[in-house]
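Analysis of the macromolecular model
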Amino acid sequence: MILCKMSDRTMARQVLLFIWFLSLSSALGQVSYSIPEEMAKGSLVGNIVQDLGLDLKRLKSGKARIYTGDSAEYIELNKERGVLLIKERIDREALCGQTTPCALHLQIILDNPMELFRITVEITDINDNSPIFKRDERRFEISESAVVGSKFMLEKAIDADIGANDLQSYFLQPTDHFDLKIHGQSDGSKKVEMILQKPLDREKQENMSLILTAVDGGEPPKSGTVQIHITVLDANDNAPVFTKPIYRAIITENSQSGTSLITVSASDSDKGTNGEVSYLIANSDGVSDIFHIDENGLVTLVGKIDFETSKHYQIDIEAVDNGGLSDSSKLMVDVIDINDNTPSITVMSQSNAIPEDSPQSTVIAMISVNDPDSDSNGQVHCSVNENIPFTIKSTSNGFYSIVTDNDLDRERESEYNISVTCADEGVPSLSNSVTLSLKISDVNDNAPVFDKSSYEASVQENNTPGLSIFTVRARDADFNQNARVSYILEDSSVNGVPVSSLVSVSADSGVIHAVRSFDYEQIKDFQFRVKAQDGGSPPLSSNVSVKIMIQDQNDNAPQVLYPVQSGASVVAEIVPRSADVGYLVTKVVAVDVDSGQNAWLSYKLQKATDRALFEVGLQNGEIRTVRQVTDKDAVKQRLTVVVEDNGQPSRSATVNVNVAVADSFPEVLSEFTDFTHDKDYNDNLTFYLVLALAVVSFLFIVSIIAILSVKCYRWRRERMFYKSGANLPVIPYYPPLYADVGGTGTLQHVYNYEVCRTTDSRKSDLKYGRPCSESIISLDRSGTQTLTHAQRERLNIDDCEDQQKPPNADWRFTQNQRPGPSGAAATPEVAVGTGPWPNPPTEAEQLQALMAAANEVSEATNTLGPGTMGLSTRYNPQFTLQHVPDYRQNVYIPGSTATLTSSQQQAQQALPPQQAAIAAAAAQPEPPKAAQTPASKKKPTKKEKK
């Protein structure tokens, strides 16, 4: 009944302990399982996929595996099912002994990414071991004089099971003289003593046989027995007594065999053989194989001690006299650990290469470190070699991760050999190391770097376009395509001009070329920036400042600033006649826009009126007197100074200096009034003057050719009119745009005027003829043509010497012969000689009439009588009509509807010539007024009304 109650309480405690252990494991993020020992192979331990929240694909892709360290593999992982199975039979007693709780600690490792899961499998005990005694029997010799209450140490039974299955109680049968007394000890074991309850009587019973039974708490319980044989001896009244109930001793592990621990002592009050005491080790758990006690109580080491196997030993020592009386004591031996184990390092996972831009704390390897020593000897510190951007961190007890702790740079180091060293804190310290190789892959993290922070180069001015000036060079520390550098000229401007119009840069080589020729006087230096860009993605770049300095060449002649050369006035320097030697007359000031030695100027006197009077300073251009000025020296002195630079080849300029040797200004003025000024113009002015003269000459020649061409063209057209063969006696039509001027007026004599006036021009042409006794009737209203000079002279002579011959009465202009359109005839509505002017002819009719009239006049010239008639047309034909019969009898005035007839002249034909001339002069009518035509109608002005 007592055993059943104890078993129930033990089971309840185990269940509560298991539930608490599972709760604690879940809280810590671990997975724990509890299985009994002695399970068959292939038995299910747990579903790891379900408990860890993983899937089967992750187990396969991550190459899931179980890491157990150096322990035997009792459990295996089935990746197909995601479960843990029993691989080998588990004997808890062989695995853990008396250690509780007994558990297997596993680690499941996954890659890509790296993950670590801790699995704890607790091995629970089953009652598979019975309590056993080391010996099958035990013999005691007890004196009959042994007092009641005497104690006899019995051998303890050993049960490999633990907990409820461990040894629970002892039973002794029969119990006539002896009883059992069980004492609990600090290590959890029980001390069994047989107590004499009833005095022995050898005479009644000399030998006794008892059975000691040890029972465990399993279900069903198991037991073990030992036979106790008691021999009752003659009286030995005193038992040995130890001086101490507990002895303590310490010993270092790995001590040599024979090392003494301690000497125990027990005394017996009896004398003789009953007082002789012997010692023995009463342990039955193998302690007697490690320790030995001699007859003097000296405890020595006879086996090997390993702290990692057992840290403490409890030795039960028994002192027995010859009378069979005994006493017991306990020796506590503490094993002192020494540092005899090096840390073991196991690489669980490792990366072979990582990119150089990996962030800090990137895991590159995971290792497991174990040191079985204790305290400081088992405290392990791991480190990596110095001067590398890696560190090691402890993730949990005995597990470490190697991570990056600084930026990686492939250009500084492309491969690392990471040496991991783990050392304990023992004295002396023991260590172990492992080397990991890691390669750094390249990324585009370095911009190109120029060889110099800035560049300076020089080039001669007037260079050839395309000239190679110099080369910029940049280097990129990256690898392959990331290190390919291209050069680009950045956009900028120099004095408003794009820099690309000055220089260019080769994209591949970095050679800088001059795009055009440079002029030092326009630009002495300029700066620009060149960008170097690599071929990475995205590309990185850097730029550098480049300064180009233009070197001067001697391409400019000196320019004289003073004295100013001007042709408009005479500038003269006055030197008094009292001037001493070295008198400063003036100073020639000149500049050269070049630089350096090209601008170093020297002055020389080229010509002088009196070379012995003046000299010029070679460096400063000062003109000074060499000797004393005398009265014999001329007033006007002319000096020619040459200014020359120091270039190669040198260039020069000249300047004329006028010097007046006089004491007063009036004297200078009188001498220089007729001073001839120099006309030495500079080259540019001479060039422009020659160019202007050439242009004017060219224009003049072109104008002459044009005038001659026009004259030739008009002459050919007139020749064409004269040679025309048409026979139409028609006078061309003239539009009424000209004013008519008659031969009458208030002059004393009659003059022949030919006036050309237009109504739309302010320019008129007037031709004057010699006076004559009789005016010439002119029907030319346009005034654009007159008779030739020879014809007019001849006509005037004829008119002055002889009277005009009477006209022929047979020659008249009929209505059909009047000027007008071809075929025009008189109509009944208009009387002959009084009708209006016909409609203006067309251009073709005008041309035809003009040609016919010219032809007819040329034919009639040979038969005409005395008299002249001048016809001037708009088209500039010229006619000479002589002795035209009856011309004045019927005269038509262009632009008028009036027709002059010769009726009066016919009436006077019977008179004598002198009377006829007088009568003709007296009866000469006024010039008829031209009737207005549609083309000539306009409002009369005030002058016309008057």
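Residues numbered from 1 in each chain as written. Predicted model: local features only at pLDDT ≥ 70, side-chain atom pairs only at ≥ 80, totals over all residues. Heavy atoms only, no water.

The name recorded for the protein in an unreviewed UniProt entry is Protocadherin beta-16-like isoform X11, from Carassius auratus. Regarding the protein, the UniProt comment filed under Subcellular location (unreviewed entry) reads as follows: "Cell membrane". According to its UniProt record, the protein has this under Function (unreviewed entry): "Potential calcium-dependent cell-adhesion protein. May be involved in the establishment and maintenance of specific neuronal connections in the brain." (UniProt positions renumbered as here; feature names shortened; annotations may be inferred.)

Under the local residue numbering, the UniProt record ascribes the feature "transmembrane region" (unreviewed entry) to residues 685-710. The span residues 685-710 carries 100% helix and 0% strand; its end-to-end C-alpha distance comes to 37 Å. (Helix = DSSP H or I, 4+ residues; strand = E, 2+ residues; numbered from the N terminus.)

For the rest of this paragraph, the subject is the sheet that holds strand β4 (residues 75-78). Read from one edge to the other, the open sheet built from three strands follows the order β2-β5-β4, with strand pairing classed as antiparallel. For this open sheet the edge positions go to β2 (44-47) and β4, each flanked by a neighbour on one side alone. Strand after strand, the sheet turns through a mean of 25° between neighbouring axes, direction not considered. (Pairing = 2+ DSSP bridges. Axes fitted to C-alpha atoms, helices over the stretch in contact; angles between N-to-C directions.)

By the secondary structure assignment, Asp-610 is in the loop between β47 (601-608) and β48 (614-616). Those residues in contact with Asp-610 that lie beyond four places of it in its chain are Arg-627, Asp-633 and Gln-637. (Contact = heavy atoms within 4.5 Å.)

A complete count under the given rule lists two disulfides for this structure. What pairs with Cys-96 in a disulfide is Cys-102, and their sulfur atoms sit 1.8 Å apart. Taking the torsion about the sulfur-sulfur bond, which here is approximately 65°, the covalent link between Cys-96 and Cys-102 counts as right-handed. We note that Cys-96, like Cys-102, is buried. Between the sulfur atoms of Cys-382 and its disulfide partner Cys-422 the distance amounts to 2.1 Å. Between Cys-382 and Cys-422, the disulfide has an S-S torsion of 110° and is therefore right-handed. Here Cys-422 lies in strand β30 (residues 415-424) and Cys-382 lies in strand β27 (residues 380-384), a separation of 40 residues in the sequence. Judged by relative accessible area, Cys-382 falls into the buried class, the value being 14%. Judged by relative accessible area, which is 0%, Cys-422 ranks as buried. Each bonded cysteine of the protein gets a number by its place in the sequence, and the pairs then read 1-2, 3-4. (Disulfide = S-S within 2.5 Å. Buried < 20%, exposed > 50% of the residue type's maximum accessible area, 1.4 Å probe, protein only.)

This next bit is on the nonpolar core. Burial of nonpolar side chains together is a common tendency in soluble globular proteins. Within the largest apolar cluster, 29 residues are counted, with the highest numbers of intra-cluster contacts made by Val-503, Ile-512, Phe-526, Phe-528, Val-530, Val-546 and Ile-548. Taken together, the elements giving at least two residues each to this core come down to β33 (454-460), β34 (468-471), β36 (485-489), β39 (503-505), β40 (511-514), β41 (525-534) and β42 (541-551). Setting aside residues up to four positions removed in sequence, Phe-526 forms contacts with Val-494, Leu-502, Val-503, Phe-518, Val-546, Lys-547, Ile-548 and Ile-550. Leu-52, Ala-64, Ile-75 and Leu-104 belong to the second largest nonpolar core, which has 28 residues in total. (Core = buried A, V, L, I, M, F, W, Y, C linked by side-chain atoms within 4.5 Å.)

Another aspect to go through is the confidence of the model for the protein. With 71% of its residues at a pLDDT of 70 or more, the protein has an overall mean of 75. In this model residues 725-838 is a low-confidence stretch, pLDDT under 50, and it forms 205 contacts with partners more than four residues away in sequence or in other chains. (pLDDT = per-residue confidence, 0-100.)

Turning our attention to the pattern of salt bridges. In the structure shown here, the tally under the stated rule is 21 salt bridges. For the salt bridge of Arg-92 with Asp-125, the shortest nitrogen-to-oxygen distance reads 3.4 Å. Of this pair, Arg-92 sits in helix α4 (residues 92-96) while Asp-125 sits in the loop between β7 (115-124) and β8 (137-143), and the two are 33 residues apart along the sequence. When its relative accessible area of 16% is taken as the criterion, Asp-125 is described as buried. We note a salt bridge from Asp-409 to Arg-412, for which the minimum N-O separation is 3.7 Å. One salt-bridge network, in which partners are shared between bridges, spans Arg-92, Glu-93 and Asp-125. (Salt bridge = Lys/Arg side-chain N within 4 Å of Asp/Glu carboxyl O.)

A cis amide bond links Asn-112 to the next residue, Pro-113, at an omega of -5°. You can see Pro-113 is positioned in the loop between β6 (103-110) and β7. With omega at -5°, the peptide bond leading from Val-427 into Pro-428 counts as cis. Note on placement: Pro-428 falls in the loop between β30 and β31 (431-441). Positive phi outside glycine occurs at Glu-38, with the angle close to 65°. With respect to the secondary-structure elements, Glu-38 resides in the loop between β1 (31-36) and β2. The phi angle at Lys-63 is positive, at roughly 50°, despite the residue not being glycine.

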